[in-house]
Amino acid sequence: MLDFLARVGRVFFAFLTAAGRLALFALNALSHCLRPPFYPRLMARQLIDIGYYSLPVVGLTALFTGMVLALQSNTGFSRVNAQGAIALIVAVAVTRELGPVIASLMVAGRIGAAMAAEIGTMRVTDQIDALTTLATNPFKYLVVPRLVAGTIAVPMLVLVADIIGIFGGFLVGTYKLNFNAAAYLGQTADYLHRDDVVSGLVKAAVFGFIIALMGCYHGYHSRGGAEGVGAATMYSVVSASILILVFDSALTNVLF
Amino acid sequence: MGSSPKIVIRGLKKSFGPKVVLDGIDLDIGERESLVVIGGSGSGKSVLVKCVLGLLEPDAGSIKIDGKEVIGMPVRERERLMQKFGMLFQGSALFDSLRVWENVAFGLIQGRGIERGAAREIALQKLGAVGLGPEVGELRPSELSGGMQKRVALARAIAAEPEIIIFDEPTTGLDPIMADVINDLIVDCVRDLGGTAVSITHDMASVRKIADRIAMIYKGRIIWSGAKAEMERSGNPYVDQFIHGRAEGPIKMEVRAL
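Quantities reported herein were computed from a predicted structural model and do not represent experimental measurements.

What counts and how
- Every chain is numbered on its own, with residues counted from 1 as its sequence reads.
- Both sets of labels track the order of writing: A upward for chains, 1 upward for ligands.
- Local features in this predicted model are restricted to residues whose pLDDT is 70 or higher, and side-chain atom pairs enter the listing and the counts only when it is 80 or higher, whereas totals over whole chains, interfaces and linings include all residues.
- Side-chain metrics rest on all non-hydrogen atoms present in the structure, leaving aside hydrogens and water.
- The helix count covers DSSP runs of H or I at least four residues long, the strand count covers runs of E at least two residues long, and both are numbered beginning at the N terminus.
- Each radius of gyration is computed over the set of C-alpha atoms, and the globule rule expresses the reference value as 2.2 Å times the number of residues to the power 0.38.
- Buried, partly exposed and exposed residues are distinguished by accessible area as a fraction of the type maximum, computed with a 1.4 Å probe on protein chains only: under 20%, between the cut-offs, and over 50%, respectively.
- By definition in these notes, contact holds between two residues if any of their heavy atoms fall within 4.5 Å.
- The Shrake-Rupley method, run with a 1.4 Å probe sphere, supplies the accessible areas, and residue values consider only the shown protein chains as cover.
- Think of it this way: Lys and Arg go in the positive column, Asp and Glu in the negative one, and His and the chain ends go nowhere.
- Note that the charge is assigned to NZ on lysines, CZ on arginines, CG on aspartates and CD on glutamates.
- In this description, a line fitted to the C-alpha atoms serves as the axis of each element, helices being fitted only across the stretch in contact, and the angle between N-to-C directions of two axes falls anywhere from 0 to 180 degrees.
- By the definition adopted for this analysis, an angle is roughly parallel if under 35 degrees, roughly antiparallel if over 145, roughly perpendicular if from 65 to 115, and oblique otherwise.
- Handedness of a crossing follows from how the near helix is turned relative to the far one, being left-handed for an anticlockwise turn of less than a right angle and right-handed for a clockwise one.
- Asp, Glu, Lys and Arg are counted as charged, while Ala, Val, Leu, Ile, Met, Phe, Trp, Tyr, Cys and Pro are counted as nonpolar; the rest, among them Gly, fall into the polar class.
- By salt bridge we mean one thing: a side-chain nitrogen of Lys or Arg within 4 Å of a carboxyl oxygen of Asp or Glu.
- A strand pair is defined by DSSP finding two or more bridges across the two strands.
- These domain limits were set by an automatic method or by a database of domain assignments.
- Values labelled buried area give the accessible surface lost by two parts on being combined, using a 1.4 Å probe and summing over both.
- Side-chain atoms alone can form a polar contact between residues adjacent in sequence; in general such a contact is a pair of N or O atoms within 3.5 Å, and within protein one must be able to donate a hydrogen while the other accepts it.
- In this analysis, the protein atoms alone were mapped onto a 1 Å grid. Cavities are point sets where a 1.4 Å probe fits without being able to get out; pockets are open sets with protein on both sides within 12 Å along at least five of seven lines; lining residues have an atom within 4 Å of a point.
- Grid points are joined across faces, edges and corners, and a volume is the space filled by probe spheres set on the points.

(A) Representation of the overall build of chain B within the structure. Helix and strand content of chain B: nine helices and 10 strands. For 258 residues, the compact-globule estimate of 2.2 N^0.38 gives 18 Å, and the C-alpha radius of gyration of chain B, at 19 Å, lies within 12% of that figure. Overall, chain B is about 55 × 40 × 40 Å in size when its C-alpha atoms are taken along their principal axes. Residues counted as buried form 51% of the 258 residues belonging to chain B. In chain B, of all internal contacts separated by at least 6 residues, the share reaching a separation of at least 24 is 63%. Summing over all exposed atoms, chain B offers an accessible surface of approximately 11,700 Å²; the carbon and sulfur share of this is 51%. Computed over 34 positive and 34 negative side-chain charges, the inter-centroid distance for chain B is 3 Å.

(B) Expanded view of the overall build of chain A. Per the secondary structure count, chain A includes nine helices and zero strands. In chain A, the order of α-helices and β-strands from amino to carboxyl end is α-α-α-α-α-α-α-α-α. Over its C-alpha atoms, taken along the principal directions, chain A stretches across nearly 65 × 55 × 30 Å. Taken across its 256 residues, chain A has 46% of its residues classed as buried. When the accessible surface of chain A is totalled, it reaches about 12,500 Å², and 72% of it is carbon and sulfur. The centroid of the 16 positive side-chain charges in chain A is displaced by 4 Å from the centroid of its 12 negative side-chain charges.

(C) Highlighting the packing of helix α4 (residues 116-129) of chain B against helix α5 (residues 146-159) of chain B. Residue and element names in this part refer to chain B. It is the contact of α4 with α5, at a shortest axis distance of 9 Å, that shows an interaxial angle of 130 degrees. With respect to their mutual orientation, α4 and α5 come out oblique. Here α4 and α5 pass one another in a crossing that is right-handed. Of the residues in α5, those touching α4 at Ile122, Lys126 and Leu127 are Val152, Ala155, Ile158 and Ala159. Classifying every residue of the contact of α4 with α5 by side-chain character gives six nonpolar, no polar and one charged.

(D) Looking closely at the environment of Val238 of chain A. For Val238 of chain A, the location among the structural elements is in helix α9 (residues 225-255). Sequence spacing of Val238 of chain A and Phe12 of chain A is 226 residues, and the spatial spacing of their C-alpha atoms is 19 Å.

(E) How the structure looks around the packing of helix α1 (residues 2-34) of chain A against helix α8 (residues 194-220) of chain A. Residue and element names in this part refer to chain A. In contact at an axis separation of 11 Å, α1 and α8 are set at 110 degrees when each is read in the N-to-C sense. Taken together, the axes of α1 and α8 are roughly perpendicular relative to one another. Across the interface between the two elements, Ala18, Arg21, Leu22, Phe25, Ala26 and Leu30 of α1 pack against Phe209, Leu213, Met214, Cys216, Tyr217 and Tyr220 of α8. Of the residues that constitute the contact of α1 with α8, the class distribution is 11 nonpolar, no polar and one charged.

(F) Quick peek at the pattern of salt bridges. Residue and element names in this part refer to chain B. Applying the stated criterion across every chain, the model contains 26 salt bridges over all chains. Here Asp66 and Lys6 are joined by a salt bridge, their closest N and O atoms 3.1 Å apart. With Asp66 in the loop between β4 (60-65) and β5 (68-69) and Lys6 in the segment before β1 (7-16), the pair connects residues that are 60 residues apart, well separated along the chain. Taking the shortest distance from any N to any O, the salt bridge between Asp184 and Lys209 comes out at 3.1 Å. A residue pair is termed long-range when its members are at least 10 positions apart, and Asp184 in helix α6 (residues 176-193) and Lys209 in helix α7 (residues 204-210) qualify at 25 residues.

(G) The sheet that holds β4 of chain B, seen in detail. Residues and elements named next belong to chain B. Taken in spatial order, the four strands of this open sheet run β2-β1-β4-β5, and their pairing is antiparallel. Edge positions in the sheet fall to β2 (19-29) and β5, since each of these pairs with one other strand and no more. Bridging between β1 and β4 involves five bridges; their strand directions are antiparallel. In the strand pairing of β4, Ile7 is matched with Ile65. With respect to the sheet, helix α1 (residues 45-53) is in contact with β1, β2 and β4, its orientation differing from that of β1 by roughly 115 degrees.

(H) Broad picture of the domain arrangement of chain A. Residue and element names in this part refer to chain A. Domain annotation for chain A reports domain 1 (1-35) and domain 2 (39-255). Each of domain 1 and domain 2 has a C-alpha centre, and these two points are 26 Å apart. In this complex, domain 1 contributes 11 residues to the contact, which on the side of domain 2 involves 14 residues. Ranking the residues of domain 1 by area buried against domain 2 places Leu22, Phe25 and His32 at the top, with a combined share of 54%. Joining domain 1 to domain 2, the criterion identifies zero salt bridges. At the junction of domain 1 with domain 2, the criterion picks out one residue pair in polar contact (both at pLDDT 80 or more). Along the lines of polarity and charge, the residues of the side of domain 1 that touches domain 2 split into seven nonpolar, two polar and two charged.

(I) Broad picture of empty space enclosed by the protein. Enumeration over the complete set of coordinates arrives at five cavities of 30 Å³ or more. The space that makes up the largest cavity amounts to roughly 130 Å³. For the largest cavity, the full set of lining residues is Leu42, Arg45, Gln46, Glu118, Met122, Tyr141, Leu142 and Arg146 of chain A together with Phe95, Ser97 and Leu98 of chain B. Where the lining of the largest cavity is concerned, the elements lending two or more residues are α2 (40-52), α4 (86-124) and α6 (138-176) of chain A. Its residues assigned to classes, the lining of the largest cavity shows six nonpolar, two polar and three charged. Estimated volume of the second largest cavity: approximately 80 Å³. The wall of the second largest cavity is formed by 13 residues, among which Thr133 and Leu134 of chain A together with Gln83, Phe85 and Ala160 of chain B lie closest to the centre. Within the residue set of the lining of the second largest cavity, elements represented by two or more residues are β6 (85-88), α3 (100-111) and α5 of chain B. Per-class residue counts for the lining of the second largest cavity are six nonpolar, five polar and two charged.

(J) Highlighting the pairing of β1 of chain B. Residues and elements named next belong to chain B. Judged from the eight bridges that link them, β1 and β2 form a sheet pairing that is antiparallel. Counterpart to Phe16 in the pairing with β2 is Lys19. In this structure, the hairpin formed by β1 and β2 is closed by a connection of two residues, where Gly17 is found at a positive phi of approximately 60 degrees.

Structure, rendered in structure tokens:
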């Protein structure tokens with residue numbers, strides 16, 4: 001029994017230690033965001049990597065999400081004769097919830113993993129130490145550009161995902177469910193509020209920060225060659241995905 | 001040795017968990033001196049230089065560089081101090097996302113704020129100094145052989161003309177001829193720069209070529225130090241065993257029986 005309790009305690013303390021290390025890492029990174037030197041070229045490259053090259057993946061997932069959403073809500077609403085709400089539900093669900101969450105999960109798999117693998121390889125091949133010996137702060141050079149780019153690029157991606165997702169719902173609504181195109185668009189425009197979109201974009205900024213933070217943190221602390229880099233990559237994707245869903249529910253409570 | 005040593009290390013200790021790696025290192029390194037630290041694998045050589053560079057935080061002790069205590073130094077000051085250092089890593093540690101000349105020029109552009117065009121000129125000149133032509137500058141590090149990577153890493157370490165250069169196992173993994181080429185380059189670079197050199201190695205050919213003075217580390221302590229000429233007749237059984245590479249002697253390799 002005591003043995004069991006000791007084990008639970010150890011796991012709990014290990015969790016607290018990890019959370020504390022992560023918090024220190026994040027604070028340290030944030031403090032470096034404010035102090036020069038800055039690396040605008042590196043930041044621009046990350047912005048292109050995250051924002052531009054993720055467009056196909058995010059666009060496709062958003063399109064199918066919007067289409068499925070319209071189909072499924074038709075199934076549900078036809079039972080209570082409320083098909084008129086389909087345009088509204090697609091618009092609200094995509095902008096508030098599915099756009100930010102699904103786009104961020106895709107970016108976590110694409111970008112978070114790439115960051116962890118790149119920084120992790122730099123760690124295990126001494127390239128991070130080499131940066132330090134060349135009078136360059138690795139936080140400023142590696143971590144800050146990724147954090148800033150993630151926080152800026154993911155909301156922009158989500159804005160695109162919102163539009164494509166609603167378009168997906170529109171396609172299904174007009175071609176399959178025989179809505180009038182003008183009426184569908186009119187309803188979407190009438191019922192969609194600015195707050196819906198803005199709250200989704202705020203979430204997206206938080207998720208973008210989480211994705212970059214997890215990628216950098218796990219890469220930065222990877223140990224032990226190829227196996228360590230593989231583990232860092234896995235942890236970065238898993239922890240970013242879980243944190244995205246946790247913060248999604250927390251932020252939904254705060255932002256309604 | 002000069003009147004005021006460049007680096008003074010006193011009572012340096014570092015442990016990883018229960019494993020004591022450095023157990024009270026005392027070492028003076030003179031200005032314009034080439035010191036080679038020898039010792040077996042796992043004796044703490046790499047940890048020692050990482051402490052000097054500030055890549056690891058020691059548990060106790062003092063490191064003074066130019067008479068200034070560097071342990072516990074504020075981050076900003078530490079970053080400025082790094083400009084005095086050049087480091088050649090064991091695995092070269094070239095940035096694989098950058099071209100060769102950008103690697104060599106990295107410290108000049110990022111650390112010193114020299115403009116890219118001018119830094120490129122200096123980088124190509126340093127590549128020439130290690131026997132690599134300007135066409136190599138446009139390649140990626142992954143396109144080079146191990147010996148060429150080592151030479152690029154050497155060019156990068158000396159590009160910003162540091163006062164202290166550290167070589168971590170500079171010849172490990174190279175064929176004997178390339179190892180000798182690297183040794184010659186190290187001797188030339190240190191002489192041309194007029195700086196202080198600290199090398200860690202267990203390659204005795206390298207030691208005989210590049211050392212002015214030698215210090216032997218064993219179980220986290222410096223057990224012997226002296227000029228190169230004294231090494232052969234040190235009278236120290238540990239040193240004798242090491243430099244002649246004998247399995248029998250006071251240093252017992254912990255080989256577990258199967």
